[in-house]
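# Structure assessment
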Amino acid sequence: MKVTVLSGGVGGARFTRGLLSLLGHRGQVTVIANTGDDMWLHGVRVCPDLDTLMYTLGGAVHEEQGWGRRDESSRTSDDLAAYGLGWEWFTLGDLDLATHLARTALLREGLPLSQVTARLAERWSPGVTLLPMTDDEVETHVVVADGQEMQEMHFEEWWVRHRAALPAVRFVQTNLATAAPAPGVLAAIADADVVVVPPSNPVVSVGTILAIPGIRDALRTTSAPVVGVSPVIGGAPVRGMADACLTAIGVETSAVAVARHYGRRPDGVLDAWLVDDRDADAAETLRSEGWLAGAAPTLMTDVPTTARIAADALALVGALP
């Protein structure tokens, strides 16, 4: 059974870990990862979502944070700060820095990001084929209202430093118009038995993947069913400040509104939508509009629970292995 997942960082990584637990040896999973959060920092290329997926699926993630390496230290970042360099709000751990240095060295040798990612993933054996959404450098910036002035900053500065407290006016993805899907991305969608959109940020994670030219059309035309899991429970995001992102694009923070934002095929990208059982009325509303919609507990508290959530999502489109 071939399953393709469109993933951001923590939420997508945890969902995919549960999916792998469910499928065992019965599945072949490809993860298409958002790279819109990527940036250059201290001369190295940082890919937050790719690394979170790699560490989580490879068993090295800092579980309490949901990102970064377990047993991490920060001596290098502390010493850079002593030189007056770096961002005190974005610390690169010593172990994590080794990943960024390795990635940068391989990129400098001329390898595309997709090949670099495959090379790095060999160490971690994540159990999936991990693909960046594109080999091109696409970065998400945020235009914010700071008093009477408009200011543009990298998404990570808005998200980590300001905790999304500065009102976002719009999101800007640099180089998006000329970006192309990375090798294997379109084939992974076309050849899948089922495509899953996990509870990742629908605006800056999954939304950025969908904005790469060709990917949205691939989802609209694939013969595989496409099922999504709501990142909103009871009117609040499961994790992070996705509500600030939704507000910036004029979408209500609700399970129904996010489903409508993605849209139902053939005009949208989904066939089915799984919501938390606390939003059972949302599933009923969507069913009245022609959706395949279900309600079940969707809070990813541990791997067995997340495996059951993955099973509920696949069952919704009749795709259980």
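Residues numbered from 1 in each chain as written. Predicted model: local features only at pLDDT ≥ 70, side-chain atom pairs only at ≥ 80, totals over all residues. Heavy atoms only, no water.

Right, let's get into the overall build of the chain. Counting its regular elements, the chain contains 13 helices and 14 strands. For the chain, whose C-alpha radius of gyration is 19 Å, the value lies close to the compact-globule estimate of 20 Å for 321 residues. Of all intrachain contacts in the chain linking residues separated by at least 6 positions in sequence, the fraction that spans at least 24 positions is 70%. Of the accessible surface of the chain, which amounts to about 13,400 Å², a share of 50% is contributed by carbon and sulfur atoms. (Helix = DSSP H or I, 4+ residues; strand = E, 2+ residues; numbered from the N terminus. Rg over C-alpha atoms; globule rule 2.2 N^0.38 Å. Contact = heavy atoms within 4.5 Å. Areas by Shrake-Rupley, 256 points an atom, 1.4 Å probe, with all protein chains shown as cover.)

What follows covers the packing of helix α4 (residues 94-108) against helix α5 (residues 113-124). In the contact formed by α4 and α5, the axes pass within 10 Å of each other and the chain directions differ by 135 degrees. With respect to each other, α4 and α5 are oriented oblique. Relative to α5, α4 is oriented so that their crossing is right-handed. Together, Thr99, Ala102, Arg103, Leu106 and Leu107 of α4 and Leu113, Val116, Arg119 and Leu120 of α5 make up the contact between the two elements. (Axes fitted to C-alpha atoms, helices over the stretch in contact; angles between N-to-C directions. Parallel < 35°, antiparallel > 145°, perpendicular 65-115°, else oblique. Left-handed = near helix turned anticlockwise from the far one by under 90°.)

A separate point is helix α11 (residues 255-262). With respect to burial, α11 is a largely interior element, six of its eight residues being buried. All of the buried residues along α11 are Ala255, Val256, Ala257, Val258, Ala259 and Tyr262. (Buried < 20%, exposed > 50% of the residue type's maximum accessible area, 1.4 Å probe, protein only.)

This part is about the sheet that holds strand β8 (residues 168-174). An order of β7-β6-β8 is seen for the three strands of this open sheet, with the pairing classed as antiparallel. The sheet is open, and its two edges are formed by β7 (149-154) and β8, each paired on a single side. The sheet shows a mean angle of 25 degrees between the axes of neighbouring strands, direction not considered. Direction of pairing for strand β6 (residues 139-146) relative to β8: antiparallel, over a ladder of six bridges. Across the sheet, residue threonine 140 finds its bridge partner in β8, namely glutamine 173. (Pairing = 2+ DSSP bridges.)

Moving on, we get to the layout of surface pockets. If you add up the space inside the largest pocket, you get close to 1,100 Å³. Residue lining of the largest pocket: 46 residues in total, with Val10, Thr52, Trp67, Trp159 and Arg239 positioned closest to the centre. Contributions of two or more residues to the lining of the largest pocket are made by α1 (10-23), α2 (48-57), α4 and α6 (155-161). Per-element accounting of the lining of the largest pocket gives the leading share, five residues, to α2. Residue composition of the lining of the largest pocket, grouped by class: 20 nonpolar, 16 polar and 10 charged. What the second largest pocket holds in volume is close to 180 Å³. Looking at the second largest pocket, the residues that line it are Phe171, Gln173, Leu176, Pro202, Val203, Gly207, Leu210, Ala211, Arg216, Ile249, His261 and Tyr262. Listed by contribution, the elements that provide at least two residues to the lining of the second largest pocket are β8, α8 (206-211) and α11. The element best represented in the lining of the second largest pocket is α8, accounting for three residues. Here the lining of the second largest pocket is built from residues that sort into eight nonpolar, three polar and one charged. (1 Å grid on protein atoms, 1.4 Å probe; cavity = no way out; pocket = protein on both sides within 12 Å on 5 of 7 lines; lining within 4 Å. Points joined across faces, edges and corners; volume = space filled by probe spheres on them. Nonpolar A, V, L, I, M, F, W, Y, C, P; charged D, E, K, R; others polar.)

With their axes 12 Å apart at the nearest point, α2 and α4 run at an angle of 120 degrees to one another. The angle between α2 and α4 falls in the class oblique. Considering how the two elements wind past one another, α2 and α4 form a crossing that is right-handed. Two secondary-structure elements touch here, α2 through Asp51, Met54 and Tyr55 and α4 through Asp96, Thr99, His100 and Arg103. Of the residues in the contact of α2 with α4, the class split is two nonpolar, two polar and three charged.

Turning our attention to unusual backbone geometry. The residue after arginine 265, namely proline 266, is reached through a cis peptide bond having omega 15 degrees. One can find proline 266 in the loop between α11 and β13 (272-276). In the Ramachandran plot, serine 125 falls in the positive-phi region, its phi being about 45 degrees despite a non-glycine side chain. Turning to its location among the elements, serine 125 is positioned in the loop between α5 and β5 (129-132). Taking the relative accessible area as the measure of exposure, serine 125 reaches 58% and is therefore exposed.

Another aspect to go through is the environment of leucine 186. Tracing the backbone shows leucine 186 in helix α7 (residues 185-190). Distance from leucine 186 to alanine 272, taken between C-alpha atoms, is 21 Å for residues 86 residues apart in sequence. Apart from residues lying up to four places away in sequence, leucine 186 is in contact with Pro181, Gly214, Ile215 and Ala218.

Counted according to the given criterion, the structure contains nine aromatic pairs. A centroid spacing of 4.6 Å and a plane angle of 10 degrees characterise the contact between tryptophan 87 and tryptophan 89, whose relative ring orientation is stacked. Overall, the relative accessible area of 30% leaves tryptophan 87 in the partly exposed class. Taking relative accessible area as the criterion, tryptophan 89 reaches 16% and is therefore assigned buried. Each member of the aromatic cluster is reached from another via a ring pair, and the members are Phe155, Trp158, Trp159 and Phe171. Taking NZ or CZ as reference, arginine 69 lies 5.5 Å from the ring centre of tyrosine 55, over its face. (Phe/Tyr/Trp six-rings, centres within 6.5 Å; stacked < 30°, edge-to-face > 60°. Lys NZ or Arg CZ within 6 Å of the ring centre and 35° of its normal.)

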